[in-house]
Amino acid sequence: MKVYINGDFVEQAEAKVSVFDHGFLYGDGIFEGIRLYDGNVFRLDEHLERLEYSAKAILLNMPWSREEIAEAVCESCRQNNLKDGYIRLIVTRGVGYLGLSPKNCTQPQLIIIADKIQLYPPEFYETGLKVITSSTRRINPAALPPMIKSLNYLNNILAKVDAVNLGFQEAVMLNDQGYVAEATGDNIFILHKGKIYTPPASAGALVGITRQTVFECAADLGIELLERNLTRYDLWIADECFMTGTAAEVIPVVEIDFRPINGGKPGPVTAQVLEVFRSKVSEQGQRI
Ligand code: PXG
């Protein structure tokens, strides 16, 4: 596999960054996870826009244009003969000195890994996920806005570890007010009395590209979709629940905190959303 590092394609074994890169030292950087479906990069422009917003929010001046990054993404897929896969785009603050201040980091690093990904085994798309609310709260937006897709994922990792150690596949994270924010690497939706609900970004949810696509899927299906603060109770009594993310796509949730959802089976509306989502990913995207 060839990895893109600052304009060069290097073999995986040679794909290295300095230990003085502040991305490594402090998690000072941002990333995107993008999907390639049948030779088409899904929602590339939206991903690159979010990357630009993340960069702006952390005062990281990216010296590359959106077109240059888009071309590097496509070339990464071509170099690796990839038709379906996952593209991990990382921008670090770059090499500096010890010490938090990024002022000595003059050269941000752009790294692109184009590879395969499987977040959940295929059977979970048939049987659904069992999830639990984590005691680890989602980071307060006043501390670090969760809209920034930063290299600081420890908050989410701690929640994921809690869930996995307890024998669950995924954790639901609440914000510090006790409202549902999102899962550790996915957004969350519920169906209640024929309407779909998802937490707003202000509740601590990343503005997921898949989440945005699900808004379109719901509109196509004629189902009302509302952004609303949700409590654990709202999840427990939901008619259906599903999670969304670039890697997970749309995945049903069949149990939350030991309460079965839809009798412990993936729901029909979730299946419809997934079907429309799959038609969108196969019809849309930028040819590499
Ligand atoms: N919330 C969080 C905290 C995420 O990290 C999402 C929601 C869903 O957003 P998208 O734009 O993907 O619909 C994410 C996405 C990885 C990886 O490399 C991480 C994500 C997606 C794909 C791969 O670990 N996070």
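Worth saying up front: this structure is predicted, and the values here are computed from it rather than measured.

Caption draft 1: How the structure looks around the overall build of the chain. The number of helices and strands found in the chain is eight helices and 16 strands. Taking 2.2 N^0.38 as the reference for a compact globule, 288 residues should give roughly 19 Å; the C-alpha atoms of the chain span a radius of gyration of 19 Å, in line with that estimate. With the principal axes as the frame, the chain shows a C-alpha extent of 55 × 40 × 30 Å. Looking at the chain residue by residue over its 288 residues, the buried ones come to 51%. Intrachain contacts of the chain at a sequence separation of at least 6 include 70% that bridge at least 24 residues. Of the roughly 13,400 Å² of accessible surface on the chain, 53% is carried by carbon and sulfur atoms. Once the 28 positive and 36 negative side-chain charges of the chain are each reduced to a mean point, those two points are 3 Å apart.

Caption draft 2: Examining unusual backbone geometry more closely. Backbone geometry places D38, a non-glycine residue, at a positive phi of 50°. Mapped onto the fold, D38 is located in the loop between β3 (29-37) and β4 (40-41).

Caption draft 3: Representation of the pattern of salt bridges within the structure. Under the defined criterion, the tally for this structure stands at 15 salt bridges. R211 is the salt-bridge partner of E227, the closest N and O atoms lying 2.6 Å from each other. Taken together, the residues span a long stretch of sequence, with E227 in strand β12 (residues 225-227) and R211 in helix α6 (residues 209-221) at a distance of 16 residues. For R211, a relative accessible area of 2% puts it in the buried group. Through salt bridges with shared partners, a single network forms among R35, E249 and R278.

Caption draft 4: Broad picture of helix α2 (residues 44-57). The terminal C-alpha atoms of α2, which comprises 14 residues, lie 20 Å apart, in line with the 20 Å expected from a rise of 1.5 Å per residue. For α2, the complete set of buried residues consists of L44, H47, L48, R50, L51, S54 and A55. Axial view of α2: buried residues confined to an arc of 160°, hence all on one face. With respect to the buried face of α2, the exposed residues turned more than 90 degrees away are Y53 and K56. Buried residues along α2 sit in contact with β3, β4, α3 (66-79), β5 (85-92), α6 and β16 (286-287). L59 sits one or two residues past α2 and shows a positive phi near 55°.

Caption draft 5: Examining the domain arrangement of the chain more closely. In terms of domain boundaries, the chain breaks down into domain 1 (2-115) and domain 2 (124-281). Computed over C-alpha atoms, the centres of domain 1 and domain 2 are 26 Å apart. Every contact between the two is made by 23 residues of domain 1 and, on the other side, 19 residues of domain 2. When domain 1 packs against domain 2, close to 1,700 Å² is buried across both sides, 61% of that on carbon and sulfur atoms. It is F31, R43 and R50 that lose the most area in domain 1 upon contact with domain 2, and together they represent 34% of the buried surface on that side. Our count for the domain 1 to domain 2 interface comes out at two salt bridges. Between E249 and R35 there is a salt bridge whose closest N-O contact spans 3.6 Å. Of all the secondary-structure elements, those providing two or more residues to the side of domain 1 that touches domain 2 are α1 (22-26), β3, α2 and β5. Among the elements that make up the side of domain 1 that touches domain 2, the one with the highest residue count is β3 (eight residues). Looking at the side of domain 1 that touches domain 2 residue by residue, the classes come out as eleven nonpolar, seven polar and five charged.

Thresholds applied
Residues numbered from 1 in each chain as written. Predicted model: local features only at pLDDT ≥ 70, side-chain atom pairs only at ≥ 80, totals over all residues. Heavy atoms only, no water. Helix = DSSP H or I, 4+ residues; strand = E, 2+ residues; numbered from the N terminus. Rg over C-alpha atoms; globule rule 2.2 N^0.38 Å. Buried < 20%, exposed > 50% of the residue type's maximum accessible area, 1.4 Å probe, protein only. Contact = heavy atoms within 4.5 Å. Areas by Shrake-Rupley, 256 points an atom, 1.4 Å probe, with all protein chains shown as cover. Lys, Arg positive; Asp, Glu negative; His and termini not counted. Charge placed at Lys NZ, Arg CZ, Asp CG, Glu CD. Salt bridge = Lys/Arg side-chain N within 4 Å of Asp/Glu carboxyl O. Expected span 1.5 Å × (residues − 1). Arc of directions from axis to C-beta. Domains from an automatic or database assignment. Buried area = accessible area lost by both parts, 1.4 Å probe. Nonpolar A, V, L, I, M, F, W, Y, C, P; charged D, E, K, R; others polar.

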